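So the chains spell out like this:
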Amino acid sequence: METWVIITVAAAFLQNVRSAMQKHLKGVMGTTGATFVRFGFGLPFALLYLIVLWRVAGHPLPVPNGTFFLWAVIGGLAQIAATFLLVHLFSFRNFAVGTAYSRTEPAQAALFGLIFLGERASEGTLVAIAISVVGVMLISVARTTLSPRSLVTSVFSRTAGIGLLSGTFFGLSAVAYRSASLVLAPSLPAPDYMMQASFTLGFVILLQTVVMLIWIVLREPAELKRIAAAWKPAFVVGFVGASASFGWFMAMTLQQAAIVKVVAQVEMLFTFASSFFIFREWINRLELLGCLLIVLGVVTLVLI
C-alpha cells in the first residue's frame, strides 16, 4: 500500500477524534470558540513538528517565495470560509441537504486541480470520486424525512447552495495547500514531502490563528474567557487536530488533492464505528448503503 494512503487513513482517524472532542467543547463555548481551538491550540504543535524536523531530524528548511504565500493565504482563508458556511448550515431546518452538498469537495477539488495545476483525473478516478460522493450524500440525508419529490426540490434550495459553496471552498483550500507545498520543492536539495507539508502547515495555521483571534477580539470577546476555562480539553483538540492536518498536508504533497479527499471519506466509517460500538446506535439501510459505496469508491481508487 502506498505511503499517502496510509497517511490519509491515519489522518482521517485523528480528524474523527478531533471532531468528537470539538462537539464536547461546543457545550462550554460557542461555535467560533470551538473552531478557534482547532487552530490556536494546534499552532504550538504544528511549530513543534517543524522544529523537530529541522533541528532534530536535520531536514533543511525550504525558502518560500511569493507564489507560496499566495497559495497558502488562499488555502487558509478558503478553509475558514468553508468551515463558517458548514457551521452556518446548522441554523437551517433542512441542514442535512446542505451538508450533503458540502461533501462534493473531492469532485470540486478535482476540477480546481485541473484548472490551477493541470492535473487530469483518469476515468477510473472520476468513477471512484462519483461513487464515494454519492455514498457520503446518502449518509447525510439518511435520517431525514425527505421524499423523492422534496429531495429534487431541495436541489435548488438555499441550503443546497450554501452547502455547495462550502464544498467549493473546501476543494479550493485542498488544492491551494497542495500548490503551496509543491512550490517549496525547488528551494530544497531534494523533494522532502514531510518538510514541505510541515512548513506549509506552520504558516497556514499561524495565519488562521491570527485571523480568528482578531475576529474574536473584535466581535465575540466573551469567547476568550470560555476558551481559557476549557484549556485542558482544548489542548488535546489542538494536538490531535494539528497531527491530522500534518497528515493531510503530507498526503496532498504526495498525491492529487481530489484523490486524497476520496480516501479521506473513510472518516465517515470511523464515525459510524464509534456510534455503533461505543454508543450502541443502530445504522439504517441508507447509511449502510452509503458506507458500502464509500468503501467501494476507496477500493476502486486504490486498485486502479
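Under an unreviewed UniProt entry, the name given to the chain is EamA family transporter, and the source organism is Ensifer canadensis.

(A) Expanded view of the confidence of the model for the chain. Mean pLDDT over the chain works out to 85, with 86% of the residues at or above the 70 mark. When mean pLDDT is compared element by element in the chain, helix H3 (residues 43–56) scores highest at 97, while helix H8 (residues 148–154) scores lowest at 55.

(B) Region of interest: helix H12 (residues 231–254). Taking 1.5 Å of rise per residue, the 24 residues of H12 would be expected to cover 34 Å, and the 34 Å separating its terminal C-alpha atoms lies within 8% of that figure. Burial analysis of H12 places 17 of its 24 residues in the buried class, which makes it a mostly covered element.

(C) Region of the structure containing the side chain of Arg18. Position of Arg18 relative to the elements: it lies in helix H1 (residues 3–25). Discounting chain neighbours no more than four positions away, the residues touching Arg18 are Arg38, Val237, Val240 and Gly241.

(D) Expanded view of the UniProt feature "transmembrane region" (unreviewed entry) in the chain. According to UniProt, the positions carrying the feature "transmembrane region" (unreviewed entry) are residues 35–56, 68–90, 124–143, 155–177, 197–218, 230–251, 257–279 and 286–303. Between the C-alpha atoms that bound residues 35–56 there is a distance of 31 Å. The span itself is 91% helix and 0% strand.

(E) Here's a closer look at a nonpolar patch on the surface. Judged by side-chain polarity, Leu206, Val210, Leu213, Ile214, Val217, Leu218 and Leu224 come together as a nonpolar surface patch covering roughly 590 Å² of accessible area. The biggest single contributor to the nonpolar patch is helix H10 (residues 193–219), with 6 residues.

(F) Quick look at the nonpolar core. Formed by 72 residues in total, the largest nonpolar core has its most connected members in Met29, Val37, Ile227, Phe246, Trp248, Phe249 and Met252. Setting aside residues no more than four positions away along its own chain, Val37 makes contact with Leu25, Met29, Gly42, Ile227, Ala234, Val237 and Gly238.

(G) Region of interest: the packing of helix H9 (residues 158–183) against H12. Where H9 meets H12, the axes come as close as 9 Å, and the angle between the chain directions of the two elements is 70°. With respect to H12, the element H9 is oriented roughly perpendicular. For the pair formed by H9 and H12, the contact residues are Ala174, Tyr177, Arg178, Ser181 and Leu182 on the first element and Phe249, Met252, Thr253 and Leu254 on the second. Split by residue class, the contact of H9 with H12 holds 6 nonpolar, 2 polar and 1 charged.

(H) Highlighting the packing of H3 against H10. Close contact between H3 and H10 brings their axes to 9 Å; oriented N to C, the two are set at 150°. In terms of orientation, H3 lies roughly antiparallel with respect to H10. The handedness of the crossing between H3 and H10 is left-handed. Contacts from Leu43, Ala46, Leu47, Tyr49, Leu50, Leu53 and Trp54 in H3 reach Met194, Met195, Ser198, Phe199, Leu201, Gly202, Ile205, Leu206 and Thr209 in H10.

(I) Quick peek at the packing of aromatic side chains. For the coordinates displayed, the defined rule picks out 11 aromatic pairs. Between Phe68 and Phe199 the ring centres are 5.6 Å apart and the planes differ by 55°, which places this aromatic pair in the tilted class. Here Phe68, found in helix H4 (residues 66–88), pairs with Phe199, found in helix H10; they are 131 residues apart in sequence, far enough to count as distant. When the ring of Trp71 is compared with that of Phe116, the centres are 5.4 Å apart and the planes differ by 75°; the resulting orientation is edge-to-face. One end of the pair, Trp71, is in helix H4; the other, Phe116, is in helix H6 (residues 105–117), and 45 residues separate them in sequence. Judged by relative accessible area, Phe116 falls into the partly exposed class, the value being 40%. Aromatic ring contacts, followed pair by pair, group Phe68, Phe69, Phe199 and Phe203 into a single cluster.

(J) Examining the pattern of salt bridges more closely. Counted by the stated rule, this structure contains 3 salt bridges. Glu119 is the partner of Arg178 in a salt bridge, and the nearest nitrogen-oxygen pair spans 2.7 Å. Taken together, the positions of Arg178 in helix H9 and Glu119 in the loop between H6 and helix H7 (123–141) put the pair 59 residues apart, joining distant regions of the chain. Since its relative accessible area comes to 15%, Glu119 is described here as buried. When the shortest N-O distance is used, the salt bridge between Arg226 and Glu223 registers 2.5 Å. With a gap of 3 residues between them, Arg226 and Glu223 both fall in helix H11 (residues 222–229), about one helical turn apart. Overall, Glu223 belongs to the buried group, its relative accessible area being 1%.

Cut-off values and rules
- Residues numbered from 1 in each chain as written.
- Predicted model: local features only at pLDDT ≥ 70, side-chain atom pairs only at ≥ 80, totals over all residues.
- Heavy atoms only, no water.
- pLDDT = per-residue confidence, 0-100.
- Helix = DSSP H or I, 4+ residues; strand = E, 2+ residues; numbered from the N terminus.
- Expected span 1.5 Å × (residues − 1).
- Buried < 20%, exposed > 50% of the residue type's maximum accessible area, 1.4 Å probe, protein only.
- Contact = heavy atoms within 4.5 Å.
- UniProt positions renumbered as here; feature names shortened; annotations may be inferred.
- Patch = residues over 30% accessible without salt bridge, like charges linked within 9 Å, V, L, I, M, F, W, Y side chains within 5 Å.
- Areas by Shrake-Rupley, 256 points an atom, 1.4 Å probe, with all protein chains shown as cover.
- Salt bridge = Lys/Arg side-chain N within 4 Å of Asp/Glu carboxyl O.
- Core = buried A, V, L, I, M, F, W, Y, C linked by side-chain atoms within 4.5 Å.
- Axes fitted to C-alpha atoms, helices over the stretch in contact; angles between N-to-C directions.
- Parallel < 35°, antiparallel > 145°, perpendicular 65-115°, else oblique.
- Nonpolar A, V, L, I, M, F, W, Y, C, P; charged D, E, K, R; others polar.
- Left-handed = near helix turned anticlockwise from the far one by under 90°.
- Phe/Tyr/Trp six-rings, centres within 6.5 Å; stacked < 30°, edge-to-face > 60°.

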